[in-house]
Amino acid sequence: MERVRTRRTRVGLVAGGLGAYWPQFPNLLPQLQKSAARVSDRLSAIGDIDVVDVGFISDAQEGASAAEKLRVAGCDLIVGFLTTYMTASMLVPVAQRSGAPVLLINLQPTEKMDHASFDTGAWLAYCGACPLPEMANAFRRAGVDFRSVSGYVEDERAWMRIARWVRAAGVRGALRHGRHGLMGHLYPGMLDVSTDLTSVSAQLGGHVEVLELDDLRVRVAAVTDAEVGARMELARSVFELDSSVVDDDFAWGAQVSVGLDRLVSDFALDSLAYYHRGLDGEQHERLGAGMILGASLLTARGVPAAGEYELRNSLAMLIMDRLGAGGSFTELQALNFVDNVVEMGHDGPAHLAISARRPLLRGLGVYHGKRGWGVSVEFDVRQGPVTLLGLGQERDGSYVMVAAEGTVVPGPLLEIGNTTSRVDFGCDPGEWTDAWSASGVDHHWALGIGHEAASLRCVAELIGLEFREVRVGA
């Protein structure tokens, strides 16, 4: 399955040094420009990004010109490359006018100088650290947040940190420019998941599109038999079908899946949260019950879908997906005090990229705690490192990003049409559960593969949210 085309991250790059040096040391500027070109190339190679390279600046006037170009470009991140000493007046306008987060990088040509052979001009190529405290002081006084990475041009540790900030900026951009669907109504009584829609736009950016079940109903009704057949064939290629799957339920899930694709396309959605209770098999109940197949396929293609009207969870899933970690709808299931693991998972949509095996479609005669019946997605989460991300909300309405890193380990799992995992957090499962529950997270979160707490901390900083990592006994 091809992913839905997502917005590309736009990174602005400006490199610079003090122009007074160029006539004094003729070989210096060409060397620094060569380093700047290499940095531009390496930024472009990080991932699905566009680099807006405004070139090399040598004085405050050129800095002001670069600032205007980057302001117009609408970047998600501004990278200022300190190649040698330069005055703060050259970069402060760039930071002030762009409206984007700023990353200062100090990457000298190699790991160290050759002291025996270096003259002043050669030393100055290694002097990018010199202006960093000046920039930091001036930015703080100007009220501009920034972060920095120091290293050398081919320093993989430095580039890992730079890539982390670039990825975080991409997540920030996805939220600020995102369109998030919310369809149906709140699962009755779930006070923790209730979300003030204005707070999403105010704290994260983006737009929440309020949808009716009828927006989906009319699109599902227009699906042809041929389209249903084609979607069933796609599902057979992606899923293993359990013997419990009823043909009519499978066909209905396929029909709803095609309708969901049209809904997402028509409203240009980047994520979707939904729930509808319904009654006695009426059309809206059947729509709500037929969502799991199509919502899982959408999630796998980069449009996270979450049940139970959990808007903040669909946003957490979006964050994890854009970090390349997957991100599946998850809650606590049970604790195992013999194996010291926390068992977690959820029914409904799942991110197929984190499955340990070919995912299973299982037929269910009843959805626990919900109305309706039909096909559900079941798989075991891939063994190895995982990260949880929840988007909690505080008493004052502010959001908080809550994360925890653990390891999925082998062992027995339920076979009830859920995505399931056994997570070892390196401590007593009861103590971990108490700490996690006290963190401000609600009862759903996104589970993704890999250890991504460091990247999530960067995301939280760029968005302006508090970040809490739950670690017991650390």
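This one's a predicted model, so the numbers in the text were calculated from it and none came from an experiment.

## A closer look at the packing of aromatic side chains
So, step 1. Under the counting rule described, the total for this entry stands at nine aromatic pairs.
So, step 2. The structure contains a cluster of three or more aromatic residues connected by ring pairs, namely Tyr21, Trp22, Phe25 and Phe56.
So, step 3. Cation over ring: arginine 147 sits above tryptophan 165, and NZ or CZ is 5.3 Å from the ring centre.

## Quick word on the pattern of salt bridges
So, step 1. Taken as a whole and assessed by the stated rule, the structure comprises 27 salt bridges.
So, step 2. Ionic pairing is found between glutamate 154 and arginine 38, a salt bridge with its closest N-O pair at 2.7 Å. Residue glutamate 154 is found in the loop between β5 (146–152) and α7 (156–176), and its partner arginine 38 is found in helix α2 (residues 28–44); the two are separated by 116 residues along the sequence.
So, step 3. Under the relative-accessibility criterion, arginine 38 is labelled partly exposed at 35%.
So, step 4. For arginine 468, the salt bridge goes to glutamate 394, with nearest N and O atoms at 3.0 Å. Residue arginine 468 is located in strand β19 (residues 466–469), and its partner glutamate 394 is located in the loop between β15 (384–393) and β16 (399–408); the two are separated by 74 residues in the primary sequence.
So, step 5. Judged by relative accessible area, which is 28%, glutamate 394 ranks as partly exposed.
So, step 6. When salt bridges that share partners are traced, they join Arg38, Arg42, Glu154 and Glu156 into one network.

## Observations regarding the environment of serine 199
So, step 1. Mapped onto the secondary structure, serine 199 falls in helix α8 (residues 197–203).
So, step 2. The sequence separation of serine 199 and proline 101 amounts to 98 residues, and the corresponding C-alpha distance is 21 Å.
So, step 3. If we ignore the near neighbours within four places in the chain, the residues touching serine 199 are Leu204, Gln393 and Tyr399.
So, step 4. Of the polar contacts made by the side chain of serine 199, one reaches the side chain of tyrosine 399; its length is 2.5 Å.

## Description of the nonpolar core
The tendency in soluble globular proteins is for nonpolar side chains to be buried side by side.
So, step 1. If you look at the biggest cluster of nonpolar residues, it comprises 72 residues, and the most contacted ones within it are Ile105, Leu107, Ile162, Met401 and Leu456.
So, step 2. Broken down by element, this core gets its largest block of residues, nine residues, from α7.
So, step 3. Once you skip the residues sitting within four places of it in the chain, leucine 456 turns out to touch Ile319, Met320, Leu323, Thr387, Leu389, Met401, Ala403 and Phe467.
So, step 4. Val228, Val238, Val342 and Val381 belong to the second-largest nonpolar core, a separate cluster that totals 60 residues.

About the thresholds
- For every chain, the first residue of the written sequence is number 1, and numbering continues from 1 onward in sequence order.
- Whole-chain, interface and lining totals are the exception, using all residues; otherwise, since this is a predicted model, local features are given only for residues with pLDDT of at least 70 and side-chain atom pairs are given and counted only at 80 or more.
- The side-chain figures draw on all heavy atoms in the structure; neither hydrogens nor water molecules are used.
- The aromatic pairing rule takes the rings of Phe, Tyr and Trp, using the six-membered ring of Trp, and pairs them if the centres are within 6.5 Å, calling planes under 30 degrees apart stacked, those over 60 edge-to-face and the rest tilted.
- Any Lys NZ or Arg CZ found within 6 Å of a ring centre and within 35 degrees of that ring's normal is scored as a charge over the ring.
- Any Lys or Arg side-chain nitrogen located within 4 Å of an Asp or Glu carboxyl oxygen qualifies as a salt bridge.
- Per the convention used, a helix needs a DSSP run of H or I reaching at least four residues, while a strand needs a run of E reaching at least two, with both numbered from the N terminus.
- Buried residues are those whose accessible area, probed at 1.4 Å on protein chains only, stays under 20% of the maximum for their type, while exposed residues exceed 50% and partly exposed ones sit between those limits.
- Every residue pair with non-hydrogen atoms within 4.5 Å of one another is taken to be in contact.
- N or O atoms within 3.5 Å of each other form a polar contact, as long as, within protein, one can give a hydrogen and the other can take it, and as long as residues adjacent in sequence are counted only when both atoms are side-chain atoms.
- By nonpolar core we mean a set of buried residues, namely Ala, Val, Leu, Ile, Met, Phe, Trp, Tyr and Cys, connected to one another through side-chain atoms within 4.5 Å.

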